[in-house]
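Architecture at a glance
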Amino acid sequence: MSFIAPAGTPLRFADLAAGIGAGLFTNRASDDLLALLTRHSGQSRCWTVASGRAAMTVILRAMKAAGDPHRNEVIVPGYTCYSVPAAIERAGLKVRLCDIDPRTLSFNLQQLRGMNFDRVLAVVTANLYGIPNQLDAIESLAAERGVLMLDDAAQALGARCAGRAVGGFGDAGLYSFDKGKNITTMQGGAIVARAGALAAAIDKEQRALPAAAPLETLSYTIKLALYGALLRPALYGVVQRIPGLGLGRTIYETPTPMRRYSTSLAGLALRLARRLDAINAVRIGNAASLQSALATANGIRLPEISPDAQPVFARFPIFVRDAARRAELVSALNAAGIGATTSYPEALVNVPQVAPLLAGDAAQSGAIQVARTVVTLPTHGYSPADLGQRVRSIVDQVLGDRAPGK
Ligand SMILES: *Cc1c(COP(=O)(O)O)cnc(C)c1O
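Residues numbered from 1 in each chain as written. Predicted model: local features only at pLDDT ≥ 70, side-chain atom pairs only at ≥ 80, totals over all residues. Heavy atoms only, no water.

**Notes on the overall build of the protein**
Let me state the cut-off plainly: Segments assigned H or I by DSSP are reported as helices when at least four residues long, segments assigned E as strands when at least two residues long, and all are numbered from the N terminus. Just to be clear, the radius of gyration here is over C-alpha atoms, and the globule rule we use is 2.2 Å times residues to the power 0.38. Any two residues whose heavy atoms approach within 4.5 Å at even a single point are treated as in contact. Computed by Shrake-Rupley with a 1.4 Å probe, the accessible areas treat only the displayed protein chains as cover when residues are assessed. In this tally, Lys and Arg are treated as positive and Asp and Glu as negative; His is ignored, and so are the chain termini. By convention, the charge on Lys lies at NZ, on Arg at CZ, on Asp at CG and on Glu at CD.
Regarding its fold elements, the protein presents 14 helices and 13 strands. Taken against the 2.2 N^0.38 rule, which gives 22 Å for 406 residues, the C-alpha radius of gyration of the protein at 20 Å falls within 12% of a compact globule. Taking the principal axes of the C-alpha coordinates as reference, the protein spans close to 60 × 50 × 40 Å. Put simply, 78% of the contacts in the protein that link residues at least 6 apart link residues at least 24 apart. Of the roughly 16000 Å² that the protein leaves accessible, carbon and sulfur atoms contribute 54%. Considering the protein, the positive charge centre built from 42 side chains and the negative charge centre built from 30 side chains are found 5 Å apart.

**A short note on a nonpolar patch on the surface**
Counted only if it meets this: For patch building, the residue pool is restricted to those with more than 30% relative accessible area and no salt bridge; the joining distance is 9 Å between like charges and 5 Å between nonpolar side chains (Val, Leu, Ile, Met, Phe, Trp, Tyr). Salt bridges, as used here, are contacts in which a Lys or Arg side-chain nitrogen is within 4 Å of a carboxyl oxygen on Asp or Glu. The buried label applies to any residue whose accessible area, calculated with a 1.4 Å probe on protein chains only, is under 20% of its type's maximum; exposed applies above 50%, and partly exposed to all values in between.
A cluster of nonpolar side chains, namely Leu215, Leu218, Ile222 and Leu226, defines an oily patch on the protein surface of about 430 Å² accessible area. You can see Leu215 is positioned in helix H8 (residues 214-230). Take Leu215: its relative accessible area is 67%, and that puts it in the exposed class.

**A few points about the pattern of salt bridges**
Side chains carrying opposite charge are able to pair once their charged atoms draw close together. Per the stated rule, a full pass over the model turns up 18 salt bridges. Here Asp68 ties to Arg71 by a salt bridge, and the two come within 3.6 Å at their closest N and O atoms. Owing to a relative accessible area of 33%, Asp68 belongs among the partly exposed residues under this scheme. As a salt-bridge pair, Arg103 and Asp101 come within 2.9 Å of each other at their nearest N and O atoms. In the salt-bridge network here, residues are joined through shared partners; they are Asp15, Arg271 and Arg275.

**Quick notes on the state of the cysteines**
Formally: By disulfide we mean two sulfur atoms from cysteines, separated by a distance within 2.5 Å.
Here the structure, examined in full by the defined rule, presents 0 disulfides. For Cys81, which is in no disulfide, the shortest distance to another cysteine sulfur is to Cys98 and amounts to 18 Å. Judged by its relative accessible area of 17%, Cys81 is buried.

**A short note on the side chain of Gln187**
In plain terms, the rule: Under the rule applied, a polar contact is a pair of N or O atoms within 3.5 Å (in protein, one hydrogen donor and one hydrogen acceptor; residues adjacent in sequence only if both atoms are side-chain atoms).
You can see Gln187 is positioned in the loop between strand S8 (172-176) and strand S9 (189-193). A polar contact of 2.5 Å, which involves the side chain of Gln187, links it to the side chain of Tyr220. Not counting residues within four places of it along the chain, the set of residues in contact with Gln187 comprises Ala50, Arg53, Phe177, Asp178, Tyr220, Pro257, Tyr261 and Leu265.

**A short note on unusual backbone geometry**
Peptide bonds are, in most cases, trans, and in most cases residues other than glycine have a negative phi. Its identity as a non-glycine residue notwithstanding, Tyr129 has a phi of 60°, on the positive side. Positionally, Tyr129 belongs in the loop between strand S4 (120-124) and helix H6 (135-145). One non-glycine residue, Ser343, adopts positive backbone phi at about 55°. For Ser343, the position within the fold is in the loop between helix H12 (323-335) and helix H13 (365-373).

**A few points about the sheet that holds S9**
Quick reminder of the rule: Between any two strands, pairing holds if DSSP finds at least two bridges. All axes here are fitted lines through C-alpha atoms, helices being fitted over the stretch that makes contact, and every angle between N-to-C directions spans 0 to 180 degrees.
Pairing in this open sheet of 7 strands is mixed, and the strands run S1-S9-S8-S5-S4-S2-S3 from one edge to the other. Only two strands of the sheet have a single neighbouring strand rather than two, namely strand S1 (45-49) and strand S3 (94-98). Sheet twist, expressed as the average angle between the axes of neighbouring strands with direction ignored, equals 25°. Alignment of S1 against S9, held across 5 bridges, turns out to be antiparallel. Residue Arg45 lies in a different strand from S9, and its bridge partner there is Ala193. In the packing of helix H2 (residues 28-41) onto the sheet, the strands contacted are S1, S8 and S9, and the crossing angle to S1 comes to about 125°. Each of S1, S8 and S9 is contacted by helix H7 (residues 197-207), which is oriented at about 25° to S1, the strand it contacts most.

**Some points on the pairing of strand S12 (residues 316-320)**
Buried residues dominate S12, accounting for 5 of its 5 residues. Here S12 shows no split at all, with Phe316, Ile318 and Val320 on one side and Pro317 and Phe319 on the other all buried. Bridging between strand S10 (residues 300-301) and S12 involves 2 bridges; their strand directions are antiparallel. Following the sheet pairing, Ile300 is matched in S12 by Val320. For S12 and strand S13 (residues 374-377), the ladder comprises 4 bridges, and the chain directions are antiparallel.

**Focus on the packing of aromatic side chains**
Note the following rule: Here the aromatic set is Phe, Tyr and Trp, taking the six-membered ring for Trp, and pairing holds for ring centres within 6.5 Å; pairs whose planes are under 30 degrees apart are stacked, those over 60 apart are edge-to-face, and all others are tilted. In this scheme, Lys NZ or Arg CZ marks a charge over a ring once it lies within 6 Å of the ring centre and within 35 degrees of the ring normal.
As enumerated under the stated definition, the model contains 5 aromatic pairs in all. One aromatic cluster is present, built from ring pairs that chain together Tyr79, Tyr82 and Tyr344. Residue placement shows Arg164 over the ring face of Phe169; its charged tip is 3.9 Å from the ring centre.

Here is the structure:
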């Protein structure tokens, strides 16, 4: 049976051949990628590394090295990718959780403003599903309290907020080229930062990383060729049944490739980044169809998007009233060949590996609510034109007689 993958970037064979080929013998494509991302982000420097996790670890280590030694806490949203606390741990820092607003997925600003910043080194954003957080407000607050800001745009390359690129707010930002992100080369990440002491520290950390391993690059190239073929719904339906591939699993820490980025993969990333607006336009269009098909549906709630935000919808999140109904809806969608997911299984406060990293606590009701109720829907280029109607009719069947989700 055909199955629409939860997320992905359609790849052309020409992208792979020309992209990887261009990066094989020279640094030219890699340098062009750095220039493109620097320009895009509005920051002044850019570095690439082997993953978003490595990018975050490098930035945090640099912040620790360049910052006040008494500050060892990093404020993160209560619901975000598990790689974020894992990178904080790797950088030898502590996690402070700030709750999120379940309507917008951005920080609960009232809670953030009330936190004690005495030992805080940095605040990290999330921009989940390509929806910008309230970056302006977070940036002003960080500046006012004298702490650094790391704008995590792992899912939001191309999104804008108040006219500026997501990833470009605050002192440093990151992008990811992992499988389910805005563009993909299987693995990879980029760091952007403004020039200054922090940039010098990032530069030092990044240079200290071992070079990309040619055998790993070869293996990613083969995986990319398979990925490009298998993302098509007719084939994805077959592969997603194969156990051991771990498609869509969320585990706390997968081995972090603490390396620099392959120049061959950078060649592919460059080709995709040059098409970024077109790739994102397809996802934005598909999200708009989902939004209009679901606007009047009973039993679900749609995300609130701030009027000054231009999301890129790596996925489209909706919210069901409780975990039991969510489970029913997701299994009905999956049974109909639609790659709906329940996203990260827990709020960070309920992730056992995060507990020993926590410094202090704050109520996490918004994050817990999102963890129990969120459903993500596909928006990528292999989503069929009638996806919105298909999702709507399943929502009506499963939840139709229920009151709207709160
Ligand atoms: C994916 C992701 C990361 C880590 O990126 P990888 O390239 O997968 O290591 C960090 N933050 C967020 C919000 C992510 O979605």
